[in-house]
Amino acid sequence: MRVAVASFEYEGNSLSLRVERRADFARIGIFEGAALLQAMEGKDLALTGAIHALRDAGADLVPVFAAKGGAGGHVEDAFFHEARDRIVEGIAAALPLDGVYLAMHGAMICAEEKDPEGAVLAALRARIGPGIPIAISLDLHAHVTPRMVAAADIVVGYETYPHVDAYQTGGRAAGLLVRALRGEIRPVTRMRKYNAIVPVLGGATLGDAPMAHVAAHARALEAAGRALSVSYFPVQPWLDMADVGITGLAVSDGDPAGAEAVAQDILDDMWRRRRDFELPAMTPAEAVRAALALPGRTLLIDAPDAIGGGASGDSPALLAALLAEAPEADAALCLVDPAAAARAFELGEGAEASFAIGAWQDRRWFKPVELVARVERLCEGSFTYRGGPASGARARLGPSAVLRVGGLRLLVASHAVYEHLDEHYAACGIDIAACKLVSFKNLMNYRKLLGPDTGFIALHGPGATPLRLQDVAWENRRRPFWPADDMTAPTALA
Ligand SMILES: [Zn+2]
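Since the model is a prediction, treat every value here as computed from it, not as a measurement. Along each chain, residue indices are assigned from 1 in the same order as the chain's sequence is written. Two thresholds apply to this predicted model, a pLDDT of at least 70 for residue-level local features and 80 or more for giving and counting side-chain atom pairs, whereas whole-chain, interface and lining totals are computed over all residues. Only hydrogens and water are removed before side-chain values are computed, so all heavy atoms of the structure are retained for them.

Draft legend 1. Structural detail: the sheet that holds strand S1 (residues 2–11). One open sheet holds the six strands; their spatial order is S3-S4-S1-S6-S7-S8, and the pairing between them is mixed. Sheet topology places strand S3 (30–32) and strand S8 (154–157) at the edges, where each strand pairs with a single neighbour. Put simply, the sheet's adjacent strands are angled 10° from each other on average, direction ignored. Sheet topology note: the strand S6 (residues 99–104)/strand S7 (residues 134–138) ladder contains four bridges and is parallel. For Val100, the partnering residue across the bridge sits in S7 and is Ile134. Sheet strands in contact with helix H7 (residues 166–181) are S1, S6, S7 and S8, and its direction is about 160° off that of S8. Note on pairing: two strands pair once DSSP finds at least 2 bridges between them. Under the scheme used here, helices are H or I runs from DSSP no shorter than 4 residues and strands are E runs no shorter than 2 residues, and both carry numbers assigned from the N terminus. In this analysis, axes come from line fits to C-alpha atoms, helices being fitted only over the stretch in contact, and the angle between any two N-to-C directions falls in the range 0 to 180 degrees. In this analysis, two residues are considered to be in contact whenever any of their non-hydrogen atoms come within 4.5 Å of each other.

What follows is the structure in structure tokens.
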């Protein structure tokens, strides 16, 4: 079995101003050939899981190309074209092959191409012909398109949110590919989609959350032999495109009608639970006041500026509220502002000066906050993820400064970096265990830090990752759609 492996992962957001270029992917790592296999070792990425599963099955691996970004606005066309061509031409150059595995997020967008994964897969299929099975793994927030499903034989999504099974998902997709190559199964993938989007904040697969029930339903369908694999995609909702919606998907053994029925079943389960995804949230000022009245530590979740959802991470809304409502409280807040970080480096550690912080990239909703702070520490903010979908991978906040204002330690970073736990704070010497209030700009991973003396309050307000999807000024979505319209029956998109 000769199998080519590659990855190209990135999550887009139409409301975000961020543009990811080659240098942004290179900061995390772009790998080709033997260096790719080396780079994937010790990580819990989907590609790592697939490589291990294929190797265990005795496959001869052809490493082609790997580029993993985080989330942001969109990928610059030039780098998309480069990556697409390296993948397609690299795989074509490796022919003859028995199979192909690709790790993708599934919700990438570019300036021109709105279905980049579909474009890569269609180009690959056209180049290698119809006979070679293609298996792909996707994030649970993938925007799955009919073009992707038409080009790939096997499509498998993450089962969990918070995402803790990227490695296993790559292994499951590769495992099905191996079984297909051995002639044990004839995988057929089908999808169904509704014109509906749901809040990411309420999309956990934990406890009694709505997606936990959907996940359990999917596992039961697999256990009952209804499909080889069942996936559910509550989708990255901040994509302003007419064909974005919650999606059910199934892989069957040579049974297209069976796969379609299971995809419909899991999609209907998500639709029935659509009202349950809403979680309570407060304005920043309300949240700070409520947190001060609570015992223990409170994580303040700046949901509308979630870096993991593609936002700039530069909203100073919570910073302003902390300074106004709790100036002396022991607090930690991280915010992206390369200009402020550069100014801190010019001033040096120990200097006290005035700063204008935040709204560095995105001034549609907020202005920078003026404050006087002491430069407590300067650093490069390098760290290794201790879990999650990027487990084992390195990240770098870039030149970063810890500014001290009253009880607040304000971490000013140069790059918007995916938040997992408190790795970014720890990398700059901030111990969140000593803080009463800690801010996070992620929508789900903070849950891993909750405990008997640590609760959370989610914030609502304007931003590139707003909670209230019905309030966004969508330009391209078709009406009616949930939750803007109170529909009793869904509209099918695919
Ligand atoms: Zn995701």
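Draft legend 2. The nonpolar core, seen in detail. Counting residues in hydrophobic clusters, the biggest one holds 74 residues, and the most contacted among them are Tyr232, Ile246, Leu411, Tyr425, Val438, Phe440 and Leu443. The set of elements that each furnish at least two residues to this core consists of helix H8 (210–223), strand S10 (229–233), helix H9 (256–272), strand S12 (297–301), strand S13 (331–336), strand S19 (408–413) and strand S20 (437–440). It is H9 that contributes the most residues to this core, six residues altogether. Each of domain 1 (2–277) and domain 2 (284–466) contributes no fewer than three residues to this core. Sequence-distant contacts of Tyr232, defined by excluding residues within four places in its chain, comprise Leu140, Tyr158, Glu159, Met211, Val214, Ala215, Ala218, Arg219, Thr247, Ile266 and Met270. Residues Ala4, Ile134, Ile136 and Met148 belong to the second largest nonpolar core, which totals 43 residues. By nonpolar core we mean a set of buried residues, namely Ala, Val, Leu, Ile, Met, Phe, Trp, Tyr and Cys, connected to one another through side-chain atoms within 4.5 Å. Throughout this description, buried means an accessible area under 20% of the type-specific maximum (1.4 Å probe, protein chains only), exposed means over 50%, and partly exposed covers the range between. Segment limits for the domains were obtained from an automatic or database-derived domain assignment.

Draft legend 3. Layout of the coordination of the zinc ion. Metal donors were taken as nitrogen, oxygen and sulfur atoms no farther than 2.8 Å from the ion, or 3.2 Å where the ion is Na, K or Ca. Water is excluded, so coordination may look unfinished. Distances from the zinc ion to its protein donors, Asp139 (OD), Asp139 (OD), His141 (ND1) and His163 (NE2), fall within 2.1 to 2.8 Å. With four donor atoms in place around the zinc ion and angles of 51 to 143° between them, the coordination shape is irregular. All donor residues of the zinc ion come from one chain, and their arrangement in sequence is D-x1-H-x21-H. Donor angles set the geometry label: tetrahedral for four donors if every angle is between 85 and 135 degrees, square planar for four and octahedral for six if opposite donors exceed 155 degrees and the others are between 65 and 115, irregular for anything else.

Draft legend 4. Structural context of the packing of aromatic side chains. Aromatic rings from Phe, Tyr and Trp, with only the six-membered ring used for Trp, were paired whenever their centres fell within 6.5 Å, and each pair was classed as stacked if the ring planes differed by under 30 degrees, edge-to-face if by over 60, and tilted otherwise. Evaluated as defined, the whole model comprises 11 aromatic pairs. Taken together, a centroid distance of 6.4 Å and an interplanar angle of 75° make the contact between Trp271 and Trp482 edge-to-face. Here the residue Trp271 occupies a position in helix H9, and Trp482 occupies one in the segment after strand S21 (454–458), the gap between them amounting to 211 residues. Site record: aromatic cluster; members linked through ring pairs are Phe8, Tyr10, Phe25, Phe79 and Phe80. Against the face of Phe355 rests Arg343, its NZ or CZ located 5.2 Å from the ring centre. Throughout this description, the term charge over a ring refers to an Arg CZ or Lys NZ atom that lies within 6 Å of the ring centre and within 35 degrees of the ring normal. Sitting above the plane of the Phe481 ring, Arg477 keeps its charged end 4.4 Å from the centroid.

Draft legend 5. Examining the side chain of Asp302 more closely. Note that Asp302 resides in the loop between S12 and helix H11 (317–325). Pairing of N or O atoms within 3.5 Å defines a polar contact, subject to two protein rules: one partner must be a possible hydrogen donor and the other a possible acceptor, and residues neighboring in sequence count only if both atoms are side-chain atoms. Side chain to side chain, Asp302 and Lys441 meet in a polar contact 2.8 Å long. Leaving out residues up to four positions away in the same chain, Asp302 has contacts with Ser315, Phe440, Lys441 and Leu459.

Draft legend 6. Expanded view of the pattern of salt bridges. By definition here, a salt bridge exists when the distance from a side-chain nitrogen of Lys or Arg to a carboxyl oxygen of Asp or Glu is within 4 Å. Scanning the entire structure with this criterion turns up 31 salt bridges. We note a salt bridge from Asp60 to Arg2, for which the minimum N-O separation is 3.9 Å. Here Arg2 lies in strand S1 and Asp60 lies in strand S4 (residues 60–71), a separation of 58 residues in the sequence. Between Arg289 and Glu325 there is a salt bridge whose closest N-O contact spans 3.0 Å. Of this pair, Arg289 sits in helix H10 (residues 284–292) while Glu325 sits in helix H11, placing them 36 residues apart in sequence. The partly exposed category is assigned to Arg289, whose relative accessible area is 45%. With a relative accessible area of 28%, Glu325 lands in the partly exposed category. Via salt bridges that share partners, Glu159, Asp165, Arg172, Arg219 and Glu222 belong to a single interconnected network.

Draft legend 7. Fine view of the domain arrangement of the chain. Domain annotation of the chain identifies domain 1 (2–277) and domain 2 (284–466). Distance between the C-alpha centres of domain 1 and domain 2: 31 Å. Contact with domain 1, which involves 28 residues of that partner, is made by 29 residues of domain 2. Carbon and sulfur atoms supply 60% of the area that domain 1 and domain 2 bury against each other, a total of about 2300 Å² over both sides. At the surface where domain 1 touches domain 2, the tally comes to zero salt bridges. Under the scheme applied here, ten amino acids are nonpolar (Ala, Val, Leu, Ile, Met, Phe, Trp, Tyr, Cys and Pro), four are charged (Asp, Glu, Lys and Arg), and all others, including Gly, are polar. Residues that form the side of domain 1 that touches domain 2 fall into these classes: 14 nonpolar, eight polar and six charged. Defined in terms of a 1.4 Å probe, buried area is the accessible area two parts forfeit on being brought together, summed over both.

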